[in-house]
Amino acid sequence: MSDSRPVSSNERRETTGPNPAPATVGVLGGGRMGAGIAHAFLLAGSRVTVVERDAASADAALQRIRESIRRSVERDPGLKEVEITRRLTTGTDTAAFAAVGLAIEAVPEDRALKDDALARAEAVMPEHAILASNTSSISIDDLAAGRLRPERFLGLHFFNPVPASALVEIVRGAATDATVVESASGWVHALGKTPIVVSDSPGFASSRLGVMLGLEAIRILEEGVASAADIDAAMTLGYRHPMGPLRTTDVVGLDVRLGIADELERTLGERFAPPDLLRRMVAEGKLGRKSGEGFYAWNEER
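Everything numeric here is computed off the predicted structure, so don't read it as measured data.

The contact between helix α7 (residues 206-222) and helix α10 (residues 254-268) brings their axes to 10 Å, and the two run at 110°. Between α7 and α10, the crossing angle belongs to the class labelled roughly perpendicular. Seen from α7, the contacting residues are S207, R208, G210, V211, G214 and L215; seen from α10, they are R257, I260, A261, L264 and L268. In terms of residue class, the contact of α7 with α10 is built from 6 nonpolar, 3 polar and 2 charged.

Taken together, the 8 strands give an open sheet; going across it, the order is β3-β2-β1-β4-β5-β6-β7-β8, and neighbouring strands pair in mixed fashion. The sheet terminates laterally at β3 (88-91) and β8 (194-199), the two strands that pair on one side only. The average undirected angle you get between the axes of adjacent strands in this sheet is 25°.

This part takes up the side chain of E122. With respect to the helices and strands, the residue E122 is situated in helix α4 (residues 111-122). The residues touching E122, leaving out its near neighbours within four places in the chain, are L131, G146, R147, L148 and R149.

With that settled, the discussion passes to the pairing of strand β1 (residues 24-28). Most of β1 is tucked away: 4 of the 5 residues are buried. Relative to strand β2 (residues 47-51), β1 is paired through 5 bridges, and the arrangement is parallel. Looking across to β2, one finds that V25 is bridged to V48. On the question of chirality, the crossover connecting β1 to the parallel β2 by way of helix α1 (residues 32-43) is right-handed. Where β1 lies against strand β4 (residues 102-105), 4 bridges are found, and the strand directions are parallel. Pairing of V27 across the sheet is with I104, part of β4.

Before going further, it helps to examine helix α8 (residues 228-238). Within α8, burial applies to A228, I231, D232 and M235. The buried residues of α8 all sit within an arc of 95° when viewed along its axis, so they share a single face. Along α8, the residues that are exposed and aim more than 90 degrees away from the buried face are D230, L237 and G238. Check the buried side of α8 and you find it contacts α7 and α9 (245-252).

Moving on to the nonpolar core. As a rule of thumb, nonpolar side chains are buried together in soluble globular proteins. F41, L102, L156 and F158 are the most contacted members of the largest nonpolar core, which has 39 residues in total. Residue contacts for F158: discarding those within four places in its chain leaves M33, I37, F41, I104, N134, V168 and L191.

Per the counting criterion, the structure on display carries 18 salt bridges. A salt bridge links D54 to R53, with the nearest nitrogen and oxygen atoms 3.8 Å apart. Classification of R53 by relative accessible area gives exposed; the value is 68%. We note a salt bridge from K286 to E293, for which the minimum N-O separation is 3.8 Å. Relative accessible area serves as the criterion here: at 27%, K286 is assigned to the partly exposed category. Judged by its relative accessible area of 39%, E293 falls in the partly exposed class. One salt-bridge network, in which partners are shared between bridges, spans E67, R70, R71 and E74.

Let us look at the confidence of the model for the protein chain. Close reading of the predicted structure is inappropriate where its pLDDT is low. In the predicted model, the protein chain carries a mean pLDDT of 91, and 93% of its residues have values of at least 70. Low pLDDT (under 50) marks residues 1-17, which in the prediction has 39 contacts with non-local residues, meaning those over four places away or in another chain.

Here we come to α1. With 12 residues, α1 should cover 16 Å at 1.5 Å per step; its first-to-last C-alpha distance of 17 Å lies within 8% of that length. Burial runs high along α1: 11 of the 12 residues are buried. Residues of α1 that are buried: M33, G34, A35, G36, I37, A38, H39, A40, F41, L42 and L43. Remark: G45 follows α1 within two positions and exhibits a positive phi of approximately 105°.

This part covers the side chain of S137. Relative to the helices and strands, S137 is located in the loop between β5 (130-133) and α5 (140-144). Owing to a relative accessible area of 2%, S137 belongs among the buried residues under this scheme. A distance of 2.8 Å separates a polar atom in the side chain of S137 from a polar atom in the side chain of E109. Setting aside anything within four residues of it in sequence, one finds S137 in contact with E109, P202, G203, F204, I260 and E263.

Reading the values: rules and limits
Residues numbered from 1 in each chain as written. Predicted model: local features only at pLDDT ≥ 70, side-chain atom pairs only at ≥ 80, totals over all residues. Heavy atoms only, no water. Axes fitted to C-alpha atoms, helices over the stretch in contact; angles between N-to-C directions. Helix = DSSP H or I, 4+ residues; strand = E, 2+ residues; numbered from the N terminus. Parallel < 35°, antiparallel > 145°, perpendicular 65-115°, else oblique. Contact = heavy atoms within 4.5 Å. Nonpolar A, V, L, I, M, F, W, Y, C, P; charged D, E, K, R; others polar. Pairing = 2+ DSSP bridges. Buried < 20%, exposed > 50% of the residue type's maximum accessible area, 1.4 Å probe, protein only. Right-handed = clockwise from strand over helix to strand, strands pointing away. Arc of directions from axis to C-beta. Core = buried A, V, L, I, M, F, W, Y, C linked by side-chain atoms within 4.5 Å. Salt bridge = Lys/Arg side-chain N within 4 Å of Asp/Glu carboxyl O. pLDDT = per-residue confidence, 0-100. Expected span 1.5 Å × (residues − 1). Polar contact = N/O pair within 3.5 Å; in protein donor to acceptor, adjacent residues only side chain to side chain.

Right under this line is the structure:
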């Protein structure tokens, strides 16, 4: 577990500015997404506690976040690595969320896992705190049905990789209080990102659009119409997308995209049915960048 001493006033950048980040943030899940979310709030001045399922996973999350911070410091020498990492704690006990102003669930895209994670977090959180899910496809209203305080619950959909992404999709449930949405929007601005606010709907706005494009790109590849590189070039050069849909799928993770597609097929119908190629690649362990192979070969450190 990292240092957990009190934060000195000169380390807490969240105390200044019109839209300060929360002083204390809890992140449940320290994988690629959870680590990225923790990184973003640490750079905004928050003290962040990341809770994982076991000690080995907590240690891995700690190293993942520290490495991400180190890369940020290399890009911006004005950042103080020691001061930032002092505000990071990792562990395995959600009791550490007893003083947070915001808790974000960032476990894998599985309804039962998310319900369990959210229940464990809210059981110890202060009543005034806000609870958020980083889900990219599961209904916020469905998740809110089991919450103690649904009016203080919403979706905060971050994008992968979090440090480089400029967008956060705020998903407003039917019970979400307007002041909670307002607070979340301010926090997103404090992270240096842009919020969009959408009402709860399967796949929200971003996942429905992004997954539909990605699935069609996989079908085109599956049918032998064009290579992965040429399909992506059609969108990057022809439509000015910063990254093609197949490379994006590799970055997101083929397993993640398959899980979202399955959820959208269940809720929105056959048009989101995953191609056989996607299912086959996931079964073979070809998950994209995190496994080293997907539609492309990834040789950099994962």
